Amino acid sequence: MGFNCGIVGLPNVGKSTLFNALTSTAAAEAENYPFCTVEPNTGRVAVPDPRLDELAQLAGSARVLPTQLEFVDIAGLVRGASKGEGLGNQFLGHIREVDAIVHVLRCFSDGDITHVEGDIDPLRDRDTVETELMLADLENLEKHAESATKKARSGNKEAKDELDLMTRVLEVLREGKPARSFSDNPDQLRALARLQLLTSKPVLYVCNVEEGAAAGNEFSACFAKTVEKESAGCVVISAAIEAEVAQLSDEAEREEFLAVLGLEETGLARIIHAGYALLNLITFFTATPKEARAWTVRRGILAPAAAGVIHTDFKKGFISAETISYDDYISYGGEQGTRDAGKMRQEGRDYAVNDGDVILFRFNV
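Parameters at a glance
Residues numbered from 1 in each chain as written. Predicted model: local features only at pLDDT ≥ 70, side-chain atom pairs only at ≥ 80, totals over all residues. Heavy atoms only, no water. Helix = DSSP H or I, 4+ residues; strand = E, 2+ residues; numbered from the N terminus. Buried < 20%, exposed > 50% of the residue type's maximum accessible area, 1.4 Å probe, protein only. Axes fitted to C-alpha atoms, helices over the stretch in contact; angles between N-to-C directions. Parallel < 35°, antiparallel > 145°, perpendicular 65-115°, else oblique. Left-handed = near helix turned anticlockwise from the far one by under 90°. Contact = heavy atoms within 4.5 Å. Pairing = 2+ DSSP bridges. Nonpolar A, V, L, I, M, F, W, Y, C, P; charged D, E, K, R; others polar. Salt bridge = Lys/Arg side-chain N within 4 Å of Asp/Glu carboxyl O. Phe/Tyr/Trp six-rings, centres within 6.5 Å; stacked < 30°, edge-to-face > 60°. Patch = residues over 30% accessible without salt bridge, like charges linked within 9 Å, V, L, I, M, F, W, Y side chains within 5 Å. Areas by Shrake-Rupley, 256 points an atom, 1.4 Å probe, with all protein chains shown as cover. Lys, Arg positive; Asp, Glu negative; His and termini not counted. Charge placed at Lys NZ, Arg CZ, Asp CG, Glu CD. Expected span 1.5 Å × (residues − 1). Core = buried A, V, L, I, M, F, W, Y, C linked by side-chain atoms within 4.5 Å. Disulfide = S-S within 2.5 Å.

S.K.: Can you explain the overall build of the protein? Please cite residues and give values.
M.R.: Across its full length, the protein carries 14 helices and 12 strands. Considering the protein as a whole, with its 365 residues, one finds that 49% of them fall into the buried category.

This is the structure:
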């Protein structure tokens, strides 16, 4: 799997510019007026991981296949979106389909680019969008609660449990809090996910700053300090810089350009790192002479389920997982050297895959 992120925010905050830069395309039209993006644009990018290239070299792999990240550029929301203002209902439906939300906030001043609220205030803008999402969730959940109430009265235990969950989440929403603040309990979070609420999705805030403030400015610093206690990620990016980086095809040129600006990596890399942490994702690898490939899975996944990500037959007929840590694979010069050193492990059904594991699945169907 990889994961897919919906890029949201108010109009004219730099969403489409960032999307174009991150996906290195001009698929999204970026203009200075609201509702430029009507249908969501989708772009897939390879997740950069230098470990994969090193594994491929040692394995003599003919192909290198990184895992993929999907960005969905969703049109700007405005006040009243939950009631259909702007193109609200359509946009809210697009948000419902993504794994996580990348919320772009305008943290730059530019007299040539209008702001729908008239001035720059990223915290207010965040609250505007969040409020619309909460109002949409509130309306949606109240309707479903009515249906669940009727089923619960008939003695349906599953309906009773669902109604209980809905009732408690409704209390959270009515207090003006997003659904993701409902609980940290893994079981309750899984149950919450089944309700498909907009505000239950993990959020990564992206503070879009001007080119001369690549490390951040007073707007981004103030916003980051305010939200640091929330269960959300926050990164500072200049969409303008990312657009310039996207024009450089040579990796050495990109590194030199970033170094001049005092940056160690691209905005795409920072978003990926933050997104993986937010969604609790890890990467394992397969490496053979035919191909070296990266696979993205949830942290804590057991070996049979990880095998199933490659092919359902691998999970059905799972026998074992021949596992090498990335560090050992590199230190001992590849699979054979690791085997000779006794560093390859035979793992069974209860093995939880670790980030960086190089795995050969044994199966029989």
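So that's the structure; there's more coming.
S.K.: Break down the packing of helix α4 (residues 122-153) against helix α5 (residues 157-174) for me, with residues and values.
M.R.: It is the contact of α4 with α5, at a shortest axis distance of 9 Å, that shows an interaxial angle of 150°. What the angle tells us is that α4 and α5 run roughly antiparallel. Two packed elements cross with a definite hand, and for α4 against α5 that hand is left-handed. For the pair formed by α4 and α5, the contact residues are Met134, Asp137, Leu138, Leu141, Glu142, His144, Ala145, Ala148, Thr149, Lys151 and Ala152 on the first element and Ala159, Lys160, Glu162, Leu163, Met166, Val169, Leu170, Leu173 and Arg174 on the second.

S.K.: Before we move on, can you summarise the sheet that holds strand β5 (residues 100-106) with the specific residues and values?
M.R.: What the six strands build is an open sheet, ordered β2-β4-β1-β5-β6-β7; its pairing is mixed. The outermost strands of the open sheet, each flanked by one partner alone, are β2 (41-46) and β7 (233-237). Each strand of the sheet is rotated relative to its neighbour by a mean of 25°, with strand direction disregarded. Taken together, the four bridges between strand β1 (residues 3-8) and β5 define a ladder with parallel strand orientation. When the sheet's bridge partners are listed, Gly6 is paired in β5 with Ile101. Strand contacts of helix α10 (residues 267-279): β1, β2, β4 (68-73), β5, β6 (203-208) and β7, with the helix running at about 180° to β7, the strand carrying the most contacts.

S.K.: Can you lay out the packing of helix α1 (residues 15-23) against helix α8 (residues 239-246) for me, pointing to particular residues and giving the numbers?
M.R.: Axis separation between α1 and α8 bottoms out at 8 Å; the angle between their running directions is 30°. The angle between α1 and α8 places the two elements in the roughly parallel class. In the packing of α1 onto α8, the handedness of the crossing is left-handed. The segment α1 lies against α8, with Thr17, Leu18 and Ala21 engaging Ala239, Glu242, Ala243 and Ala246. Class assignment of the residues belonging to the contact of α1 with α8 gives a composition of five nonpolar, one polar and one charged.

S.K.: Explain the pairing of β4 residue by residue, including any values.
M.R.: Of all six residues making up β4, five are buried, and the element is well covered by its neighbours. Relative to β4, β2 runs antiparallel, the two being bridged by six bridges. Looking across to β4, one finds that Val45 is bridged to Leu69.

S.K.: Go over the pattern of salt bridges, please, and point to the residues and values.
M.R.: Taken as a whole and assessed by the stated rule, the structure comprises 18 salt bridges. Note that Arg126 and Asp127 form a salt bridge whose closest N and O atoms lie 2.8 Å from each other. In this structure Arg126 comes out as buried when scored by relative accessible area, which is 8%. Residue class for Asp127 comes out partly exposed when judged on its relative accessible area of 36%.

S.K.: So what about the packing of aromatic side chains? Which residues, and what values?
M.R.: With the rule as written, the count across this model stands at five aromatic pairs. An aromatic cluster is built from Phe284, Trp295, Phe318 and Phe361, whose rings are joined through pairwise contacts.

S.K.: Give me a negative patch on the surface: which residues, what numbers.
M.R.: A contiguous patch of negative charge on the surface is contributed by Asp250, Glu251, Glu253, Glu255 and Glu256. Counting through the fold element by element, Asp250 comes out in the loop between α8 and α9 (251-260).

S.K.: Quick rundown of α10? Include the residues and the values.
M.R.: With 13 residues, α10 should cover 18 Å at 1.5 Å per step; its first-to-last C-alpha distance of 18 Å lies within 8% of that length. Among the 13 residues of α10, 10 are classified as buried, and the element is accordingly described as predominantly covered. Looking one or two residues beyond α10, the residue adopting positive phi is Asn280, at roughly 60°.

S.K.: Mind laying out unusual backbone geometry, listing which residues take part and the relevant values?
M.R.: We note that Asn12 has phi near 65°; this positive angle belongs to a residue other than glycine. Mapped onto the secondary structure, Asn12 falls in the loop between β1 and α1.

S.K.: Which residues make up the environment of Ala214, and what are the values?
M.R.: Topologically, Ala214 is positioned in the loop between β6 and α7 (218-227). Assessed through its relative accessible area of 11%, Ala214 is described here as buried. As for Ala214 and Ile237, which are separated by 23 residues in sequence, their C-alpha atoms are 6.5 Å apart. Other than its neighbours up to four places away in sequence, Ala214 contacts Val209, Val236, Ile241 and Leu263.

S.K.: Explain the nonpolar core to me, and be specific about the residues and the numbers.
M.R.: Across soluble globular proteins, nonpolar side chains show a tendency to be buried alongside one another. Core analysis: the largest hydrophobic core is formed by 47 residues, its most contacted members being Leu69, Phe71, Ile95, Val206 and Ile271. When residues in this core are grouped by element, the largest group, six residues, is from α10. Within the second largest apolar cluster, 20 residues are counted, among which are Leu141, Ala159, Leu165 and Leu170.

S.K.: I'd like a rundown of the environment of Pro202, residues and numbers included.
M.R.: Topologically, Pro202 is positioned in the loop between α6 (186-193) and β6. Expressed as a C-alpha distance, the spacing of Pro202 and Ile101, which sit 101 residues apart in the sequence, is 6.3 Å. Aside from chain neighbours lying at most four places away, what touches Pro202 is Asp99, Ala100, Ile101, Leu278 and Leu279.

S.K.: How would you sum up the state of the cysteines? Please name residues and give values.
M.R.: In total, this model carries zero disulfides according to the counting rule given. Note on Cys107: no disulfide assigned, nearest cysteine sulfur contributed by Cys207 at a separation of 4.0 Å. In this model Cys234 remains outside any disulfide bridge; the closest cysteine sulfur is found in Cys207, 4.0 Å from its own.

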